[in-house]
Amino acid sequence: MQEIREIMNMELKELKLGKGLEKYEGGGVKEATQKTTQRILDLIRQNPHITRRELSTIVGISENGIKFHLNKLKQKGLLQRV
């Protein structure tokens, strides 16, 4: 029972911090977002046919998160659908 409580507390802490954000203490959300966007761009360069689902699995964020980053890249003119 104690183990379950500890796991639940850990999950609640992750939800409050936002998954992955604890890695970027001091750098902030903007830096974390930039690193994620750069990683996605690098993966697309390596495999132009990679899917959102594959990106999601590799990067560790939801498919909607991938979509957000892809839209940002499109807006900046760094990515174009062909």
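Definitions and limits used
- Residues numbered from 1 in each chain as written.
- Predicted model: local features only at pLDDT ≥ 70, side-chain atom pairs only at ≥ 80, totals over all residues.
- Heavy atoms only, no water.
- Helix = DSSP H or I, 4+ residues; strand = E, 2+ residues; numbered from the N terminus.
- Buried < 20%, exposed > 50% of the residue type's maximum accessible area, 1.4 Å probe, protein only.
- Contact = heavy atoms within 4.5 Å.
- Areas by Shrake-Rupley, 256 points an atom, 1.4 Å probe, with all protein chains shown as cover.
- Salt bridge = Lys/Arg side-chain N within 4 Å of Asp/Glu carboxyl O.

S.K.: Report on the overall build of the protein chain, specifying residues and quantitative values.
M.R.: The helix and strand inventory of the protein chain stands at four helices and zero strands. Starting at the N terminus and walking to the C terminus, you meet the elements of the protein chain as α-α-α-α. Buried positions account for 21% of the 82 residues belonging to the protein chain. Once local pairs closer than 6 in sequence are excluded, the contacts in the protein chain between residues at least 24 apart make up 31%. For the protein chain, the exposed area adds up to about 6,900 Å²; of that, 52% sits on carbon and sulfur atoms.

S.K.: I'd like a rundown of the pattern of salt bridges, residues and numbers included.
M.R.: Here the structure, examined in full by the defined rule, presents two salt bridges. Salt-bridge contacts for Arg-45 lead to Asp-42; the nearest nitrogen and oxygen are separated by 3.5 Å. With a gap of three residues between them, Arg-45 and Asp-42 both fall in helix H2 (residues 28-46), about one helical turn apart. The salt bridge involving Glu-63 is made with Arg-53; its shortest N-O contact spans 3.3 Å. Taken together, the positions of Glu-63 in helix H4 (residues 63-75) and Arg-53 in helix H3 (residues 52-59) put the pair ten residues apart, joining distant regions of the chain.

Take it as geometry only, folks, not as evidence of what the structure does.
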